[in-house]
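Tertiary structure, described
What follows is each chain in one-letter form.
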Amino acid sequence: MSVAGVVVREDGRVLAIRRADNGTWEPPGGVLETAEDFEETGIKVGVERLTGVYKNMSRGIVALVFRCVPESGSEQLSAESTAVAWLTPEEVSERMAEVYAVRVLDALRGDLAPAVRVHDGWHLL
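Residues numbered from 1 in each chain as written. Predicted model: local features only at pLDDT ≥ 70, side-chain atom pairs only at ≥ 80, totals over all residues. Heavy atoms only, no water.

To continue, consider the side chain of Arg67. Inspection of the secondary structure puts Arg67 in strand E6 (residues 61-73). The contacts of Arg67, once residues within four sequence positions are left out, are Val6, Val8, Gly46, Val47, Glu48, Arg49, Thr51, Ala107 and Leu108. (Helix = DSSP H or I, 4+ residues; strand = E, 2+ residues; numbered from the N terminus. Contact = heavy atoms within 4.5 Å.)

Here it is in structure tokens:
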């Protein structure tokens, strides 16, 4: 089980990290609690709602994704991230692999029903 937060600013930009272990751009993740401080970003967030459930069929991992809002803190790097940025939805589609970009774009949708999707680790099935 994994958890990620799509942190959305008032201007519609979303928080993303470039992972230190593999260089990919992703929404920050890990164990997420209300008012979580994402140690890899330096941003403290408040959780709004569940926006998606994503199952990696090749690894048997389920990821829960929550829409969040920034509450305090400032961007910082950590051992887990080599870059932290606020991306537009277009930049998300350009920089992130399909399985991560769809999680962010699902969280930006206006409806409240969580998306349920399956993938192979890289592409939606």
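If you look at the biggest cluster of nonpolar residues, it comprises 19 residues, and the most contacted ones within it are Val6, Val14, Leu87, Val92 and Met96. Looking at this core, the elements that each hand over two or more residues are strand E1 (2-7), strand E2 (14-19), E6, strand E7 (81-87) and helix H2 (98-108). It is H2 that provides the largest number of residues to this core, a total of 4 residues. The residues touching Val6, leaving out its near neighbours within four places in the chain, are Val14, Pro27, Val65, Phe66, Arg67, Cys68, Arg103, Val104 and Ala107. (Core = buried A, V, L, I, M, F, W, Y, C linked by side-chain atoms within 4.5 Å. Buried < 20%, exposed > 50% of the residue type's maximum accessible area, 1.4 Å probe, protein only.)

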